[in-house]
Amino acid sequence: MISLAFCNELLAAEGHTIQEQCHLIKSLGYDGIELAPGALGVDLLDATKAEIASIKTAIESAGLQLTGLHWLLASFPKLSVTQAAARQD
């Protein structure tokens, strides 16, 4: 069975809430959602348990699986595994 995932970043940029994103992603035939934390509207480092639970509920109620996270190192441009000059700083 092939599972497909869709990143929420595209729909967040269009102004959709996480609940709307999840339902739209499912309606398009995807099985999972990849979360870009910066596109959630909540800083996950400061998020309350209720905010995290709301995100989890949105995913599960749409029948999706959380398949991964991305853009986790975007705020750390000097961390690189491919650019030697960046690693030397």
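K.L.:
Let's hear about helix α3 (residues 49-61): which residues, and what values?
P.N.:
For α3, built from 13 residues, the straight-helix expectation of 18 Å at 1.5 Å per residue is met to within 8% by its first-to-last C-alpha distance of 18 Å. Residues of α3 that are buried: I55, A58 and I59. Along the long axis of α3, the arc covered by the buried residues comes to 95°, so they all point the same way. In α3, the exposed residues that point more than 90 degrees away from the buried face are K49, A50, K56 and E60.

K.L.:
An account of the confidence of the model for the protein chain is requested, with residue identities and associated values reported.
P.N.:
The predicted model of the protein chain has a mean per-residue pLDDT of 87, with 84% of residues at 70 or higher. When pLDDT is averaged over each helix and strand of the protein chain, the minimum, 66, is found for helix α4 (residues 84-87) and the maximum, 97, for helix α2 (residues 18-27).

K.L.:
Hey, could you go over the side chain of N8 for me, with residue numbers and the actual values?
P.N.:
Secondary-structure assignment places N8 in the loop between β1 (5-7) and α1 (9-13). At 2.7 Å, the side chain of N8 and the backbone nitrogen of A36 are in polar contact. Setting aside residues up to four positions removed in sequence, N8 forms contacts with I18, Q21, I33, E34, L35, A36, A39 and L40.

K.L.:
If you had to explain the packing of α2 against α3 to someone new, which residues and values would you point to?
P.N.:
Following both chains from N to C, one finds α2 and α3 inclined at 20°, their axes separated by 8 Å at the closest point. Relative to α3, the element α2 lies roughly parallel. Crossing hand, α2 versus α3: right-handed. Listed contacts from α3 to I18, Q19, C22 and H23 of α2 are S54, A58, I59 and S61.

K.L.:
Can you lay out the nonpolar core for me, pointing to particular residues and giving the numbers?
P.N.:
By size, the foremost hydrophobic cluster in this structure holds 13 residues, and its most contacted members are I18, C22, I25, I33, L35, I59 and L64. Mapped onto this core, the elements with two or more residues apiece are α2, β2 (32-35) and α3. Ignoring sequence-local partners within four residues, the contact set of I18 consists of N8, I33, L35, L40 and A58.

K.L.:
Before we move on, could you go through the environment of L35 and cite the residues and values that matter?
P.N.:
Among the secondary structure elements, L35 is positioned in strand β2. For L35, a relative accessible area of 5% gives the class buried. Remark: the alpha-carbon pair of L35 and E9, spanning 26 residues in sequence, is separated by 7.2 Å. Non-local contacts of L35, meaning those with residues more than four positions away in its chain, are made with N8, I18, L40, I55, I59, L66, G68, L69 and H70.

K.L.:
Hey, could you go over the pairing of strand β3 (residues 65-69) for me, with residue numbers and the actual values?
P.N.:
Direction of pairing for β2 relative to β3: parallel, over a ladder of four bridges. In the sheet register, G32 faces β3, and the bridge partner there is Q65. Crossover β2 to β3 through α3 is right-handed.

Quick notes on the rules
Residues numbered from 1 in each chain as written. Predicted model: local features only at pLDDT ≥ 70, side-chain atom pairs only at ≥ 80, totals over all residues. Heavy atoms only, no water. Helix = DSSP H or I, 4+ residues; strand = E, 2+ residues; numbered from the N terminus. Expected span 1.5 Å × (residues − 1). Buried < 20%, exposed > 50% of the residue type's maximum accessible area, 1.4 Å probe, protein only. Arc of directions from axis to C-beta. pLDDT = per-residue confidence, 0-100. Polar contact = N/O pair within 3.5 Å; in protein donor to acceptor, adjacent residues only side chain to side chain. Contact = heavy atoms within 4.5 Å. Axes fitted to C-alpha atoms, helices over the stretch in contact; angles between N-to-C directions. Parallel < 35°, antiparallel > 145°, perpendicular 65-115°, else oblique. Left-handed = near helix turned anticlockwise from the far one by under 90°. Core = buried A, V, L, I, M, F, W, Y, C linked by side-chain atoms within 4.5 Å. Pairing = 2+ DSSP bridges. Right-handed = clockwise from strand over helix to strand, strands pointing away.

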